[in-house]
Amino acid sequence: MEINFRVGTQEQHDVHFSWDQLTTGVRITVDGVEVVKTIATLTVSLKKTFEFPVGVEEKHLVRFDLKRTLFLSQFRPNTVTVILDGQVVDQRTSDIMNPEPQPGQG
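Residues numbered from 1 in each chain as written. Predicted model: local features only at pLDDT ≥ 70, side-chain atom pairs only at ≥ 80, totals over all residues. Heavy atoms only, no water.

Student: Explain unusual backbone geometry to me, and be specific about the residues and the numbers.
Tutor: Non-glycine residue Asp-31 carries a positive phi angle of around 55°. Residue position: Asp-31 is located in the loop between strand E3 (26–30) and strand E4 (33–37). (Helix = DSSP H or I, 4+ residues; strand = E, 2+ residues; numbered from the N terminus.)

The structure is reproduced here in structure tokens:
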């Protein structure tokens, strides 16, 4: 799943989120600079949160919430919620059997 968006009005930054549902690896960049990179891990946690500040003069807080299903999560629908400054700005559900992310209600 790939999610791209721009943060800021006067000081703009490009945020890119990439998640491989099969390997469960996550990569997040801001203006092409990697800020998060995870590799596949065995975990019982059903939710992972990635949160970081963006901007120097115009500061914003970006958060990605990744919610996985309990059983065989690599092969079932999973949801990523994008939260910018405390407000949900995007939510997508992805399923490896249906690789096109489905925009959610946000």
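Once you've had a look at it, read on.
Student: Residues and numbers for the nonpolar core, please.
Tutor: Buried together is how nonpolar side chains tend to be arranged in soluble globular proteins. Residues Ile-28, Phe-52 and Phe-64 are the most contacted members of the largest nonpolar core, which totals 20 residues. Apart from the residues lying within four places of it in its own chain, the contact partners of Phe-64 are Phe-5, Val-15, Phe-17, Ile-28, Lys-48, Thr-49, Phe-50, Phe-52, Val-80, Thr-81 and Val-82. (Core = buried A, V, L, I, M, F, W, Y, C linked by side-chain atoms within 4.5 Å. Buried < 20%, exposed > 50% of the residue type's maximum accessible area, 1.4 Å probe, protein only. Contact = heavy atoms within 4.5 Å.)

Student: If you had to explain the packing of aromatic side chains to someone new, which residues and values would you point to?
Tutor: By the definition in use, this model includes three aromatic pairs. Judged by centre distance (6.4 Å) and plane angle (25°), the ring pair of Phe-52 and Phe-64 falls under stacked. Highlighted residues: Phe-52 in strand E5 (residues 47–54) and Phe-64 in strand E6 (residues 60–67), separated in sequence by 12 residues. Residue class for Phe-52 comes out buried when judged on its relative accessible area of 8%. One aromatic cluster is present, formed by Phe-5, Phe-17, Phe-52 and Phe-64 through successive ring pairs. (Phe/Tyr/Trp six-rings, centres within 6.5 Å; stacked < 30°, edge-to-face > 60°.)

Student: Which residues make up the pairing of strand E1 (residues 2–7), and what are the values?
Tutor: Every regular strand shows the same layout, with side chains that alternate between the two sheet faces. Only one face of E1 is covered, namely the face carrying Ile-3, Phe-5 and Val-7; the face carrying Glu-2, Asn-4 and Arg-6 is uncovered. Where E1 hands over to strand E2 (residues 13–19), the hairpin turn is made up of five residues, of which Gly-8 adopts a positive phi near 100°. (Pairing = 2+ DSSP bridges.)

Student: Explain the pairing of E3 to me, and be specific about the residues and the numbers.
Tutor: Across the five residues that make up E3, a large majority, four, are buried. Both E2 and E3 contribute to a ladder of five bridges, which runs antiparallel. By the bridge assignment for E3, His-16 is matched with Thr-29. Taken together, E2 and the strand that follows it, E3, pair antiparallel across an intervening segment of six residues, in which Thr-24 is found at a positive phi of about 65°. Across four bridges, the pairing between E3 and E4 is antiparallel. Bridging from a neighbouring strand, Thr-29 pairs with Glu-34 of E4. Hairpin connection from E3 to E4: two residues lie between these consecutive antiparallel strands, with Asp-31 at a positive phi of about 55°.

Student: Go over the sheet that holds E2 with me, naming the residues and quoting the values.
Tutor: Taken in spatial order, the four strands make up an open sheet running E1-E2-E3-E4, and their pairing is antiparallel. The two strands at the open ends of the sheet, each matched to only one other strand, are E1 and E4. Each neighbouring strand pair of the sheet contributes to a mean axis angle of 15°, computed without reference to strand direction. (Axes fitted to C-alpha atoms, helices over the stretch in contact; angles between N-to-C directions.)

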